[in-house]
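Close look at the chain arrangement
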Amino acid sequence: MTLEELYRTMAQTMGPQPWLRPGTPWAETPVEIMLGAILVQNTNWRNVEPSLRQLKRVTGFAPAKLRALTLDDLIPLIRTSGFYQRKAAAILALATWLGQHHDDLAALRQMPGDQLRTELLAITGIGNETADYILMYTLDHGTFMVDTYARRLFAWLGATMPKTYPAFQKRVRAQLDLPLSDWQEFHALIDEFGKAHKTAADFAASFLAGHQLTV
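Below is a summary of the structure that appears in this document. (Residues numbered from 1 in each chain as written. Predicted model: local features only at pLDDT ≥ 70, side-chain atom pairs only at ≥ 80, totals over all residues. Heavy atoms only, no water.)

On to the packing of helix 9 (residues 128-138) against helix 11 (residues 165-175), then. Interaxial distance between helix 9 and helix 11 falls to 11 Å at its minimum, and their mutual angle equals 40°. In this view, helix 9 runs oblique relative to helix 11, as classed from their interaxial angle. Contacts between helix 9 and helix 11 involve Asn128, Glu129 and Asp132 from the former and Tyr165, Pro166 and Gln169 from the latter. Classifying every residue of the contact of helix 9 with helix 11 gives two nonpolar, two polar and two charged. (Axes fitted to C-alpha atoms, helices over the stretch in contact; angles between N-to-C directions. Helix = DSSP H or I, 4+ residues; strand = E, 2+ residues; numbered from the N terminus. Parallel < 35°, antiparallel > 145°, perpendicular 65-115°, else oblique. Contact = heavy atoms within 4.5 Å. Nonpolar A, V, L, I, M, F, W, Y, C, P; charged D, E, K, R; others polar.)

Structure below.
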């Protein structure tokens, strides 16, 4: 099956996926999504939720109020997320970057995606996956996220993919052209499939068993 066929098969079988988009019960504002993308690194969402509640209480997710905090102020607010020294530094660096763009998300969304991605990757504590998450769910630039669930699914489907994040992503994007909403949906479908099918035996009993991905 092609990448297009994989996406359409998953979408038809699994149905629309609720996901982190501004205004949903999972995320009230784009800045909350950005912060969540940093806080969820190397932990699970249950540990992130208390941190976000604390940040909302103190800052309302306003970048200017985040910039007014020191590391010592911020660390107790996000302690439940773990790796709090590194994540606090990343949050402050992100808030500083937003300030350099006058906290104007509308203007940021008008910038080229490649430029935004380069700037995000230059921020302390933001790597490929976090940068792409922020791009896709807050800055309206669709892309393919090479997370653990995607790597595992492609391997189960017999696709030999590059080991590095950029090369894996480049190969997918060269063969699949989707609008933003479909890139978001594809990511959500892959992650929800991965959460429900954790082993090769799970996959063998799934609706994708027996398919071979050509990519």
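Inspection of every chain in the model, using the stated rule, returns five salt bridges. Here Arg67 ties to Asp103 by a salt bridge, and the two come within 2.8 Å at their closest N and O atoms. Residue Arg67 is found in helix 4 (residues 63-67), and its partner Asp103 is found in the loop between helix 6 (84-100) and helix 7 (105-109); the two are separated by 36 residues along the sequence. In this structure Arg67 comes out as partly exposed when scored by relative accessible area, which is 33%. Between Arg109 and Asp140 there is a salt bridge, with the nearest N and O atoms lying 3.6 Å from each other. (Salt bridge = Lys/Arg side-chain N within 4 Å of Asp/Glu carboxyl O. Buried < 20%, exposed > 50% of the residue type's maximum accessible area, 1.4 Å probe, protein only.)

Moving on, we come to the packing of aromatic side chains. Considering all chains together, one arrives at 10 aromatic pairs under this definition. Ring geometry for Phe154 versus Phe168: centroids 5.3 Å apart, planes at 45°, classification tilted. Separated by 14 residues along the polypeptide, Phe154 in helix 10 (residues 148-156) and Phe168 in helix 11 bring together distant segments of the chain. The pair formed by Phe154 and Phe168 is uniform in burial state, with each residue classed as buried. Ring geometry for Phe193 versus Phe207: centroids 5.7 Å apart, planes at 85°, classification edge-to-face. Here Phe193 is found in helix 12 (residues 180-196), whereas its partner Phe207 is found in the segment after helix 13 (200-204), with 14 residues between them in sequence. The partly exposed category is assigned to Phe207, whose relative accessible area is 28%. Ring-pair connections join several aromatic residues into one group, and the members of that group are Tyr7, Phe144, Phe154, Phe168, Trp183 and Phe186. A cation sits over an aromatic face here: Arg79 above Tyr84, 4.5 Å from the ring centre. (Phe/Tyr/Trp six-rings, centres within 6.5 Å; stacked < 30°, edge-to-face > 60°. Lys NZ or Arg CZ within 6 Å of the ring centre and 35° of its normal.)

This part covers helix 11. Residues of helix 11 that are buried: Tyr165, Phe168, Gln169 and Val172. For helix 11, the buried positions fall inside an angular range of 95° around the axis, keeping them on one side. Away from the buried face of helix 11 by more than 90 degrees, exposed residues Lys170 and Ala174 are located. Of the surrounding elements, those touching the buried residues of helix 11 are helix 1 (3-14), helix 8 (113-121), helix 9, helix 10 and helix 12. The N-capping residue of helix 11, defined by a side-chain oxygen 3.4 Å from the backbone nitrogen of Ala167, is Thr164. (Arc of directions from axis to C-beta. Polar contact = N/O pair within 3.5 Å; in protein donor to acceptor, adjacent residues only side chain to side chain.)

Next up on the list: empty space enclosed by the protein. Per the counting criterion, the structure on display carries one cavity of 30 Å³ or more. Forming the walls of the largest cavity are Met136, Thr143, Phe144, Met145, Asp147, Ala150, Trp183, Phe186, His187, Ile190 and Asp191. Considering every element that reaches the lining of the largest cavity, the biggest residue donor is helix 12, with five residues. (1 Å grid on protein atoms, 1.4 Å probe; cavity = no way out; pocket = protein on both sides within 12 Å on 5 of 7 lines; lining within 4 Å. Points joined across faces, edges and corners; volume = space filled by probe spheres on them.)

Now for the side chain of Ser206. Among the structural elements, Ser206 can be located in the segment after helix 13. Classification of Ser206 by relative accessible area gives buried; the value is 10%.

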